[in-house]
Amino acid sequence: MAEIRIRNTNERITGEANVRAFLDKQEVLYEHWDASKLPAELQDKFVLSDEEKATILTTFDAEIRDLAARRGYQIWDVISLSDATPNIEELLKKFEQIHTHTEDEIRGIVSGRGIFIIKGDEETGYFDVELEAGDVISVPENKNHFFTLMDSRQIIAVRLFIEKDGWIAHNVEDPAFA
């Protein structure tokens, strides 16, 4: 279950209802999928073949199509990151830059853990959303954010896109980020 840490106060928000209420206030979509549906042999596997990625998409097909129908997403895929990922450090440096997109950035976490760091309203400032299997988040377009892995450095996520070319990051310099 997702947890939130507000960076300027170190306050933690836990529990699905509390997390959802906080993220709703920040205009960030939060939902939950049943991650136990993932076949056991894929639950702790972070190097995936194309066939295994297709299995993940098939497993969560109903959830993906429901979300796509409600939010206008056109395409989706699976991303897997771990220390076995070629050029993982370069990818993380790219992900760890504060940026925005011209469409939502949405992830359905099916295995592993990661963190979205998002700029909230003026009172809240930046906050971390610590995600684990089953958590689904959508960072709205034009909202400052970035993503990184947690200490385990392993994650598998379904990504959904509106644009057929996928999202393009627009880096932002923000002195408010600390």
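Residues numbered from 1 in each chain as written. Predicted model: local features only at pLDDT ≥ 70, side-chain atom pairs only at ≥ 80, totals over all residues. Heavy atoms only, no water.

A. Broad picture of the overall build of the chain. Tallying secondary structure elements over the chain gives four helices and 11 strands in all. Compactness check: the chain gives a C-alpha radius of gyration of 16 Å against a globular reference of 16 Å for 178 residues, within 12% of the reference. A burial count over the chain gives 50% of its 178 residues as buried. Once local pairs closer than 6 in sequence are excluded, the contacts in the chain between residues at least 24 apart make up 73%. Summed over all atoms, the accessible surface of the chain reaches about 9,000 Å², with 47% contributed by carbon and sulfur. (Helix = DSSP H or I, 4+ residues; strand = E, 2+ residues; numbered from the N terminus. Rg over C-alpha atoms; globule rule 2.2 N^0.38 Å. Buried < 20%, exposed > 50% of the residue type's maximum accessible area, 1.4 Å probe, protein only. Contact = heavy atoms within 4.5 Å. Areas by Shrake-Rupley, 256 points an atom, 1.4 Å probe, with all protein chains shown as cover.)

B. Spatial organisation of helix α1 (residues 16-25). Of all the positions in α1, only V19, F22 and L23 are classed as buried. Summarising the axial view, the buried residues of α1 lie within an arc of 95°, below the 170-degree limit, and thus occupy one face. Relative to its buried face, α1 has exposed residues pointing more than 90 degrees away, namely A17 and K25. Those residues of α1 hidden inside the fold are in contact with β1 (3-6), β2 (12-13), β3 (29-32) and β7 (126-132). Just beyond α1, the residue with positive phi is E27, at close to 65°. (Arc of directions from axis to C-beta.)

C. Representation of unusual backbone geometry in the model. Although it is not a glycine, N10 adopts a positive phi angle of roughly 65°. Examined against the element boundaries, N10 turns out to sit in the loop between β1 and β2. For N142, which is not a glycine, the phi torsion comes out positive at approximately 65°. Overall, the relative accessible area of 51% leaves N142 in the exposed class.

D. Inspection of the packing of aromatic side chains at higher detail. Following the criterion strictly, the structure yields five aromatic pairs and no others. Residues W33 and F60 carry aromatic rings whose centres are separated by 5.5 Å and whose planes lie at 20° to one another, so their mutual orientation is stacked. Here the residue W33 occupies a position in the loop between β3 and α2 (50-59), and F60 occupies one in the loop between α2 and α3 (61-71), the gap between them amounting to 27 residues. Take W33: its relative accessible area is 6%, and that puts it in the buried class. Given the relative accessible area of 1%, F60 is considered buried. (Phe/Tyr/Trp six-rings, centres within 6.5 Å; stacked < 30°, edge-to-face > 60°.)

E. Structural detail: the layout of surface pockets. The calculated volume of the largest pocket comes to roughly 180 Å³. Residue lining of the largest pocket: 15 residues in total, with F95, E105, R107, F147 and W167 positioned closest to the centre. Within the residue set of the lining of the largest pocket, elements represented by two or more residues are β4 (75-81), α4 (88-95), β6 (105-119) and β10 (155-161). The biggest single contributor to the lining of the largest pocket is β6, with four residues. Across the lining of the largest pocket, the residue classes tally to 10 nonpolar, one polar and four charged. (1 Å grid on protein atoms, 1.4 Å probe; cavity = no way out; pocket = protein on both sides within 12 Å on 5 of 7 lines; lining within 4 Å. Points joined across faces, edges and corners; volume = space filled by probe spheres on them. Nonpolar A, V, L, I, M, F, W, Y, C, P; charged D, E, K, R; others polar.)

F. Inspection of the environment of E122 at higher detail. The residue E122 is located in the loop between β6 and β7 in this model. What makes E122 exposed here is its relative accessible area of 85%. When the C-alpha positions of E122 and S36 are compared, they lie 37 Å apart, and in sequence the two are 86 residues distant.

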